[in-house]
Structure formats: C-alpha cells, structure tokens
Amino acid sequence: MFIQMQPDATAEDIDRVTEEIRRVGWDYIINPGEELTCIAVKSRTTGPEKMEFVERIQAYRGVARAIPITTPYKLPARTVGQTTTLVSIDNKVVVGGECFTIIAGPCAIETREQLFETTEAVKSAGAVCLRGGAFKPRKDCGSFRGLGIDGLVYLKEAREKFDLPTFTEIVDAKDIDAVADHASVFQIGMRNARNYTLLEAVAETKKPVLYKNGEAMTVEDFLCGAEYILSKGNPNLILCLRGTVTFDRAVRNSLDIGIVAALRQLTHLPIIVDPSHSTGKADLVTPVAVAAATIADGIIVDVHTDPTKALCDGPQALTPPRFAELVRQVQRVVNAVHHA
Ligand code: PEP
Ligand code: MN
C-alpha cells in the first residue's frame, strides 16, 4: 500500500504515520518526492486487517490518501502525481526527470586501446556515460566471454581519464566487490533478470543499478524484479528495456514502444531504452534511438571503432561517425520534447 501525504504534511505528521506502521509490525520506505512524500508500506496481510488499516490511517493528520496496491510489486509503483525518481551517478550525471542520458561504448571491452579510442569518440559525440562489458554472458561458451578483471581495470582507467561514469554487467555475485570498486553502475543483463539472489546482493551495495528486462518477461515480471532491488533499501535503480523474444525475427528482440509508455504510468523509476540489443542491426539503431527520445529517459548504445572486427555483437555496433549522427538526431528530438 502507498500512503500519499499532503504536500504540506510536517515531519511530525510523517512520524506519527510511520510509528503506526511499525506498531502493526510492517515495513516501509519513505520516498520524499519533490512535491509530496509517499510512504511505501510492505504490509504482510491482504485481508480485512489491511483494509481496516487503510481506513484508519487516512484519518491521520497530513495523510492525503492511502492506496492499497493489488499488484504483486509495490515499491516500483508510481502513485498519482509522483514524479520520476532521479538517479545520480558519480555526482556527475542524473538519470530521470528533465534529462535524457546517452550512454555508449563497446559491447565488450576487448583491449585498453579499443576501449580508450571508443570512449574518446563517444564522449566527443555527446555521450555522458560509458558502457563496456568485462563479463560477457554468451550463449556459445566457446565465444569471447570478456576480459574479466583486466577489463574492469581498463574501464576504471577510462572512467578516470575521460571523466565519465561507467556501466558494466555483473554476472556472478563473487565479482560484486570488484565491479563496485571499478565501475559506477551495476548492469544486470537479460540473462540474469530473474536471478533474484544476484539482484538482492547487488542492491545491498547501494550503488546505482541498471536493470534490463529478461527476454521473456512481462511488465509485471520486470517490476517484481525491480522490487527485489528496491526492497533492499537501494533506490538508485534505472530500468532498461531491451526487447523480448517474439515470433518476429526481423529484429533480434521486439521492443514495444507501448511497453515504454505503460511503464511510464506504472513506475516512478527512470526508463532507458537499448536500441542495440533490441534491434541487433546497426541500421535500425538510430531510428529506434530517435523513437526512444520521445518517451524514455535515455539510451544505451553499442559503439565499436571497427564493427567488422568486434568480438561481440558487431552487427549491431555503430561506428563513431554513425554514433555522432545518432546523437545529432536524438538531440533534435530531445530539445523538442519535454520529459516529465
Ligand atoms: C549488454 O548490454 O552487453 C547485454 C549483454 O545486453 P542484454 O543483457 O540486454 O542482452
Ligand atoms: Mn552486446
């Protein structure tokens, strides 16, 4: 359930409400929005006891309304009038709200030179964050699976040298400390979207998390996964839509723009779109990025200095000049659209 406070509710009003929640033995998280405070309550009952609580708490001073949530997730849910959560990365970049965040870089970190060259190119084109995989989950176990710790070391060097926050995927809980030490944001990829123990362990670090949807996840499944992260008291969560598997093979994965719109209504979390892993084809990346600019909070794009030699996902990688053109087109749309 959500308890939406009046815009002028005082700290004492909020204290009285949280005291009552504690008294009945439930957990809660306070979300201080820009205009009003919301309290997300994790009630442990669904029956009459909960409805009795809803009615009672609405009579408390400063409470606008109590909203019982029937969905299986609670913490990611957007309440009426709630603004999008802003996620700050390295105190340099804010994802959500008025900003449109462009994240770019190689799918996989292959060498220090390749990473640095790509970073320089994406930064000068207008990217504000760098992506780069050190641990690559691959279907074919014989293919390149990333440089591991060496890749993280290069990523950290690039972060410092180019002053860009970095995103990198975590695939195994044993690497959490190493990733936390070397990168700005944990990326949870499609293959681990339902690895709930990994989600919880990553959330415990309190570092920002980019959570991608699984290849066969519904919106509800996705938001239930998000709940695992938020329920560990880590509010620094960004959702990333990368498409799902459908019968249509014209694209690698189907990214439904309607799902982006639906998520906007359902969750207060910032939403970014991955036009690279969704389409799987370099020619389709820019048009999808432009579409995302009308509705999402950002994009994450694969860029490679020579896609024909890429060790991972070459067909979907943009060359630096093509990426620069993407940014020009996206920025025209961003300037025209207000991101609420
Ligand atoms: C990636 O972004 O490098 C990646 C592997 O993406 P996904 O998990 O969406 O397939
Ligand atoms: Mn990839």
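Just above, that's the structure.
Undergrad: Any chance you could break down the site of ligand 1 for me, citing the residues and the numbers?
TA: Neighbouring residues of ligand 1: C107, R131, K136, E169, Q187, G189, M190, R191, K212, R242 and H277. With respect to ligand 1, the side chain of R131 contributes an N or O atom lying 2.7 Å from an oxygen atom. At a separation of 2.8 Å, an oxygen atom of ligand 1 approaches a polar side-chain atom of K212. The protein chains hide 98% of the 290 Å² of surface that ligand 1 would expose on its own. Residues that form the shell around ligand 1 fall into these classes: two nonpolar, three polar and six charged.

Undergrad: Explain the packing of aromatic side chains to me, and be specific about the residues and the numbers.
TA: Aromatic ring pairs are reported here in terms of the distance separating the ring centres and the angle at which the planes meet. Going through the model one piece at a time under the given rule, you end up with four aromatic pairs. Both rings, one in Y211 and one in F222, keep their centres 5.1 Å apart while their planes meet at 40°; by these two values the pair is tilted. One end of the pair, Y211, is in strand β11 (residues 209–212); the other, F222, is in helix α7 (residues 219–230), with eleven residues separating them in the sequence. Each of the two residues, Y211 as well as F222, counts as buried.

Undergrad: Describe the pattern of salt bridges, with residues and values.
TA: Considering all chains together, one arrives at 18 salt bridges under this definition. Residue R61 pairs with D13 through a salt bridge whose shortest N-O separation is 3.2 Å. On the criterion of sequence distance, the pair formed by R61 in the loop between α2 (48–57) and β4 (63–67) and D13 in helix α1 (residues 11–23) is long-range, its members being 48 residues apart. By relative accessible area, R61 is classed as exposed at 58%. Judged by its relative accessible area of 5%, D13 is buried. Taking the shortest distance from any N to any O, the salt bridge between R56 and E52 comes out at 2.9 Å. You can see R56 and its partner E52 sitting in helix α2, four residues apart, about one turn around the helix. Residue class for E52 comes out partly exposed when judged on its relative accessible area of 40%. Salt bridges linked by common partners bring E20, R23, E52 and R56 together as one network.

Undergrad: Run through the coordination of the manganese ion (ligand 2), naming residues and quoting values.
TA: Around the manganese ion (ligand 2), the protein contributes the donor atoms C107 (SG), H277 (NE2) and D313 (OD), which lie 1.9 to 2.1 Å from the metal centre. Here the donor residues of the manganese ion (ligand 2) share one chain and are spaced in sequence as C-x169-H-x35-D. Taken together, the positions of C107 in the loop between β7 (101–105) and α3 (112–125) and H277 in helix α9 (residues 275–279) put the pair 170 residues apart, joining distant regions of the chain. Here H277 falls in the buried class, since its relative accessible area comes to 8%.

Thresholds applied
- Residues numbered from 1 in each chain as written.
- Chains lettered and ligands numbered in written order.
- Predicted model: local features only at pLDDT ≥ 70, side-chain atom pairs only at ≥ 80, totals over all residues.
- Heavy atoms only, no water.
- Near = heavy atom within 4 Å.
- Polar contact = N/O pair within 3.5 Å; in protein donor to acceptor, adjacent residues only side chain to side chain.
- Areas by Shrake-Rupley, 256 points an atom, 1.4 Å probe, with all protein chains shown as cover.
- Nonpolar A, V, L, I, M, F, W, Y, C, P; charged D, E, K, R; others polar.
- Phe/Tyr/Trp six-rings, centres within 6.5 Å; stacked < 30°, edge-to-face > 60°.
- Helix = DSSP H or I, 4+ residues; strand = E, 2+ residues; numbered from the N terminus.
- Buried < 20%, exposed > 50% of the residue type's maximum accessible area, 1.4 Å probe, protein only.
- Salt bridge = Lys/Arg side-chain N within 4 Å of Asp/Glu carboxyl O.
- Donors = N, O, S within 2.8 Å, 3.2 Å for Na, K, Ca; no water.

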